[in-house]
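Coordinate inspection notes
Each chain, letter by letter, is given below.
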Amino acid sequence: MAASDALVAAARAAFDRAIADYSHFKVGAALETADRRIITGCNIENASYGLTMCAERVAMFKALSEGHRVFQRIVIVADTHTPTPPCGACRQILWEFAGDVEVVLANLTGVAATHMMRDLLPHAFDRKFLG
Ligand code: THU
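Now for a quick tour of the structure. (Residues numbered from 1 in each chain as written. Predicted model: local features only at pLDDT ≥ 70, side-chain atom pairs only at ≥ 80, totals over all residues. Heavy atoms only, no water.)

Some remarks on unusual backbone geometry
Despite not being glycine, R36 has its phi angle at roughly 65°, a positive value. For R36, the location among the structural elements is in the loop between strand 1 (27–33) and strand 2 (38–42). Relative accessible area serves as the criterion here: at 41%, R36 is assigned to the partly exposed category. Although it is not a glycine, Y49 sits at a positive phi angle of roughly 65°. Residue Y49 is classed as exposed on the basis of its relative accessible area, which comes to 56%. (Helix = DSSP H or I, 4+ residues; strand = E, 2+ residues; numbered from the N terminus. Buried < 20%, exposed > 50% of the residue type's maximum accessible area, 1.4 Å probe, protein only.)

The structure is reproduced here in structure tokens:
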């Protein structure tokens, strides 16, 4: 199933709330849970730079902390012509907690691409290696 307009709109609204004073690169994310709830996140930067947190992980950590455990897709919005894919750290976190969900990449004018997590993080390290 495709990402709903509401999910894309929620990611765009989160994009507007990004705190990106240093890079000026705003990102918004909207996670959809199995019961179709929407949890958003935006990137949050910090003067130390290294403490910056990406939009996708903000959304996921918010969702987990609110008790959500099963997800269907995530929409990621940035103001780029070529859609912005999740960074490596976010892919690892999304794989761990969302699994093989749809990753929908959009900019401010529309949805540009949809990928499955298994294609974005092949040969993933995860709990199955831990015995
Ligand atoms: N950023 C995200 O929020 N998500 C990504 O997947 C890529 C990068 C943020 C982190 C930083 O605040 C800014 O974009 C520039 O790297």
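Quick notes on the site of the ligand
Taken together, the residues surrounding the ligand are S23, F25, V27, N43, E45, T52, C54, A55, E56, P85, P86 and C87. Within the side chain of E45, one N or O atom sits 2.5 Å away from an oxygen atom of the ligand. A distance of 3.0 Å separates an oxygen atom of the ligand from a polar atom in the backbone of C87. Looking at side-chain class alone, the shell around the ligand contains seven nonpolar, three polar and two charged residues. (Near = heavy atom within 4 Å. Polar contact = N/O pair within 3.5 Å; in protein donor to acceptor, adjacent residues only side chain to side chain. Nonpolar A, V, L, I, M, F, W, Y, C, P; charged D, E, K, R; others polar.)

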